[in-house]
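# Descriptive structure summary
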Amino acid sequence: MTTISVPSERQIVQEAVQVLMQHMSPSKATRFWASWQVGEGDYLQIRKELFARETVDSLYEQIEAFQKSKK
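Below is a summary of the structure that appears in this document. Everything numeric here is computed off the predicted structure, so don't read it as measured data.

What counts, and where the lines are drawn
- Residues numbered from 1 in each chain as written.
- Predicted model: local features only at pLDDT ≥ 70, side-chain atom pairs only at ≥ 80, totals over all residues.
- Heavy atoms only, no water.
- Helix = DSSP H or I, 4+ residues; strand = E, 2+ residues; numbered from the N terminus.
- Rg over C-alpha atoms; globule rule 2.2 N^0.38 Å.
- Buried < 20%, exposed > 50% of the residue type's maximum accessible area, 1.4 Å probe, protein only.
- Areas by Shrake-Rupley, 256 points an atom, 1.4 Å probe, with all protein chains shown as cover.
- Lys, Arg positive; Asp, Glu negative; His and termini not counted.
- Charge placed at Lys NZ, Arg CZ, Asp CG, Glu CD.
- Polar contact = N/O pair within 3.5 Å; in protein donor to acceptor, adjacent residues only side chain to side chain.
- Patch = residues over 30% accessible without salt bridge, like charges linked within 9 Å, V, L, I, M, F, W, Y side chains within 5 Å.
- Salt bridge = Lys/Arg side-chain N within 4 Å of Asp/Glu carboxyl O.

### A few points about the overall build of the protein chain
Helices and strands together make up the secondary structure of the protein chain, namely four helices and zero strands. Starting at the N terminus, the α and β elements of the protein chain follow one another as α-α-α-α. Relative to the 2.2 N^0.38 estimate, which gives 11 Å for 71 residues, the radius of gyration of the protein chain is 16 Å and therefore markedly larger than a compact globule would have. Principal-axis analysis of the C-alpha atoms places the extent of the protein chain at approximately 45 × 30 × 20 Å. When burial is assessed residue by residue, the protein chain has 6% of its 71 residues classed as buried. Here the protein chain displays about 6,900 Å² of accessible surface, and carbon together with sulfur accounts for 58% of that area. Looking at the protein chain, you have 9 positive and 9 negative side-chain charges, and the mean spots of the two groups are 7 Å apart.

### Topic: the side chain of Ser58
Note that Ser58 resides in helix H4 (residues 56-69). On the basis of relative accessible area, Ser58 is assigned to the buried category, the value being 19%. Separated by 2.6 Å, the side chains of Ser58 and Glu54 make a polar contact.

### Points about a nonpolar patch on the surface
Together, Ile4, Val6, Ile46, Leu50, Phe51, Leu59, Tyr60 and Ile63 make up a nonpolar patch on the protein surface, roughly 700 Å² of accessible area in all. Secondary-structure elements contributing two or more residues to the nonpolar patch are helix H3 (43-50) and H4. Among the elements that make up the nonpolar patch, the one with the highest residue count is H4 (three residues). Inspection of the secondary structure puts Tyr60 in helix H4.

### Some details on the environment of Ile46
By secondary structure assignment, the location of Ile46 is in helix H3. Here Ile46 falls in the partly exposed class, since its relative accessible area comes to 40%. Ile46 sits 20 residues away from Pro26 along the chain, and the two C-alpha atoms are 27 Å apart.

### Describing the environment of Ala29
Tracing the chain through its elements places Ala29 in helix H2 (residues 26-38). Sequence separation between Ala29 and Ser5 is 24 residues, and the spatial gap between their C-alpha atoms is 28 Å.

In structure tokens form, the structure reads like this:
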């Protein structure tokens, strides 16, 4: 059986901040972060659109492939 590593929310946020700071200027990253924190939009609707064609199996396969690529 394959085990899946699940990072904490804090680890995910820290990684996202690092990626933003590597690829954007501090002012752009800060503006993005501020606009993202506002919480505009309907997450439930966005989630439905993002995962409309996904199944548990297809998501599992994507997670496995991603984790293998990181090794």
